[in-house]
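Tertiary structure, described
Here are the chains, one letter per residue:
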Amino acid sequence: MCGIIGIVGDKPVAERLLDGLRRLEYRGYDSAGLAVLDDGKAARRRAAGKIKALESAFEADPVDAHIGIAHTRWATHGAPNETNAHPHRAGRVTVIHNGIIENFRELKDELHAKGRTFVTQTDSEAVAVLVDQAMDEGITPREAVQGALSRLEGAFALVFLFDGEDDLLIGARRGSPLVVGLGDGETYLGSDAMAVGPLTRRVIYLKEGDWAVATRAGATVYDEDNQEVTRPVALLEANQAVAAKGNHRHFMEKEIYEQPEVVARTLSAYVNEDLTISLRDGLDFSQFSRVLITACGTASFAGEIARYWFEQVAKLPVEVDIASEFRYREPALDTGALALFISQSGETADTLAALRYCKDAGLTTAALVNVPESSIAREADIVLPTLAGPEIGVASTKAFTCQLAALAALAVAAGAQRGALSKDEATAHARSLMHAPHLMNKALETETDIQAMAQELSRARDVLYLGRGVYFPLALEGALKLKEISYIHAEGYAAGELKHGPIALIEDGTPVIVIAPHDKLFDKTASNMQEVAARGARLVLISDEKGLKEAADLEPAGIAAPEADPLIAPIVYAVPVQLLAYHVAVEKGTDVDQPRNLAKSVTVE
Ligand code: HGA
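The next point concerns helix α3 (residues 104-113). Among the residues of α3, those classed as buried are Phe 104, Leu 107, Lys 108 and Leu 111. For α3, the buried positions fall inside an angular range of 100° around the axis, keeping them on one side. For α3, exposure combined with an orientation more than 90 degrees from the buried face picks out Arg 105, Asp 109 and Ala 113. Gly 115 occupies a position one or two residues after α3 and carries a positive phi of about 90°.

What follows deals with the pairing of strand β19 (residues 364-369). Burial runs high along β19: five of the six residues are buried. Pairing between strand β18 (residues 337-343) and β19: six bridges, direction parallel. Counterpart to Phe 341 in the pairing with β19 is Ala 367. Tracing the backbone out of β18, into helix α11 (residues 349-360) and back to the parallel element β19 gives a crossover that is right-handed. Both β19 and strand β20 (residues 382-385) contribute to a ladder of four bridges, which runs parallel. Within β20, the position partnered with Ala 366 by the bridge is Ile 382.

Of the volumes computed, that of the second largest pocket is approximately 510 Å³. Lining the second largest pocket are 25 residues, and of these Cys 296, Gly 297, Ala 599, Lys 600 and Val 602 sit closest to its centre. Elements with a contribution of two residues or more to the lining of the second largest pocket: α9 (297-314), β18, α13 (398-417) and α16 (471-486). No other element matches α9, which puts three residues into the lining of the second largest pocket. Residue classes in the lining of the second largest pocket are distributed as 11 nonpolar, 10 polar and four charged.

Tyr 270, Phe 285, Trp 309, Leu 410, Leu 433 and Tyr 465 are the most contacted members of the largest nonpolar core, which has 98 residues in total. Contacts of Tyr 465, omitting those with residues within four sequence positions, involve Ala 475, Gly 478, Ala 479, Leu 482, Ala 490, Glu 491, Gly 492, Tyr 493, Ile 513, Ile 515 and Leu 580. Listed in part, the 31 residues of the second largest apolar core include Ala 126, Leu 152, Ile 170 and Tyr 222.

Contacts to the ligand come from 13 residues, most closely from Arg 73, Thr 76, His 86, Asn 98 and Gly 99. In the model, an oxygen atom of the ligand is placed 2.6 Å from a nitrogen or oxygen of the Asn 98 side chain. At a separation of 2.6 Å, an oxygen atom of the ligand approaches a polar backbone atom of Gly 99. Across the complex, the protein chains shield 100% of the 320 Å² of accessible surface that the ligand would expose by itself. For the shell around the ligand, the residue count by class is four nonpolar, seven polar and two charged.

Turning next to the sheet that holds strand β6 (residues 93-101). Sheet strands pair by backbone hydrogen bonding; their relative direction is either parallel or antiparallel. Strand order in this open sheet of seven strands is β5-β6-β7-β8-β12-β13-β14, and the pairing throughout is antiparallel. For this open sheet the edge positions go to β5 (88-90) and β14 (228-229), each flanked by a neighbour on one side alone.

Parameters and conventions
- Residues numbered from 1 in each chain as written.
- Predicted model: local features only at pLDDT ≥ 70, side-chain atom pairs only at ≥ 80, totals over all residues.
- Heavy atoms only, no water.
- Buried < 20%, exposed > 50% of the residue type's maximum accessible area, 1.4 Å probe, protein only.
- Helix = DSSP H or I, 4+ residues; strand = E, 2+ residues; numbered from the N terminus.
- Arc of directions from axis to C-beta.
- Pairing = 2+ DSSP bridges.
- Right-handed = clockwise from strand over helix to strand, strands pointing away.
- 1 Å grid on protein atoms, 1.4 Å probe; cavity = no way out; pocket = protein on both sides within 12 Å on 5 of 7 lines; lining within 4 Å.
- Points joined across faces, edges and corners; volume = space filled by probe spheres on them.
- Nonpolar A, V, L, I, M, F, W, Y, C, P; charged D, E, K, R; others polar.
- Core = buried A, V, L, I, M, F, W, Y, C linked by side-chain atoms within 4.5 Å.
- Contact = heavy atoms within 4.5 Å.
- Near = heavy atom within 4 Å.
- Polar contact = N/O pair within 3.5 Å; in protein donor to acceptor, adjacent residues only side chain to side chain.
- Areas by Shrake-Rupley, 256 points an atom, 1.4 Å probe, with all protein chains shown as cover.

This is how it looks when you write it as structure tokens:
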């Protein structure tokens, strides 16, 4: 969601701030803005829409300095227009904010009573006014921020710039991440490592409740009790610093193609050379009566697929929950359960809240995350990595298949630990897991056929996705992917559920995408294909050669995925499912990497 970058340095910052915002575009946003100190006074340039609009505003009225802050906004409070775009300014204080200030109405009322006025509909403006009001009462910027932080409820990452202070930025975080970058005679603040990556490789990941005073000489960090603390300085990997599309048209396409490599990398974190599986932090599934998986969006579908694996391979009961429901449902929890949270960014607000709920209830918590320094990783008892690398396309692809690969490895390890699998069976499963990247490579070869059918599909108003077993959650993921990037209405259903309602949607030519390898459930799904074909559906069948041959009489548009062992087949089949959504979106000409209204990591609830 919102992106943040701030620079206090010894060289002009405006171009570098704009560059930083471009790197943060992937997070999703609907307006952007920057402020620099011009003759000791903050000068702002802001625009609704894409960064290009901000660039135009900036070019029409250029301004520069050695200190400044910039922001991409994904609106939560107030329309995404120029007035509501950050930075917000009150008196001498200029601020950018990621998150939601939950008590903003109360703060505004209080500040109104003191004669202060507001010009935006945002919650964030209250922070600027609160700090400026405190400074009016005769205290320093640092004291004013410290006091204001104790008044704020909700989630935030904040960066403040002050009129007349050309060697001072103050950053603070609670609930939303913020990093400090340490440069040579310069210091940076950013919402993630991507923001500061090309400027420096030395970063401090601020901890929950920390705030930091940044000057050209470096940063002083304070914890939530306002005690000065020393936080470790991490060295960014070179590939964390830059993200480029290479020869691909979109990051999404590049990330789909990276999957064989990153899935192999992720598997290597779990599967040893002798095909045994090692789990981190002493994770032992024989100690747990069940697994509670909690996640949002695509990650929750990875969890749904894993449910089949854990139950079938490890005979371990699993419940899967959507984090936003789980956290407020007051679920009755069994302390013998392992609570497993899945999140690409590790910052998903609802998933983090669900983790805290489980921790408070005394459960052991594990986090499957792509960002090891993230809040969810830091707060969980056990951290299980996916090694997908930075995912820039808003619609998740490689993070999803890496989650699946890791979850499959966990299920096999659980099967071995719980005695549900013999040593030989566990080894055979591990061997087929290691074969998944090769088959994913083969699955990429479906692209030409998929491209050929994309034009027709792009004209559809509604699309149904059907699957049974693990292919049911994969159908849900396929429908989500299509909705996200092509804006075509799509629904995923369990094929057996069709007759209980959704079959009423079928009209002449309605595309029905069936995901069904030739496995033990194929015949059942084939009957469902007959049912929709008889009602005029346009069938697209993603299957292997055998499945396509058997369904030939229905004349589906066929997508031939490679034959795969049932354990890994959903990982392999994810590839054509993603390619289909991708090519339909390209055909429609939508903004594939940054679809409207969507944000990459959902850091607000
Ligand atoms: N609440 C602020 C910031 C929104 C945000 O963090 N989005 O990710 C606003 O609406 O401007």
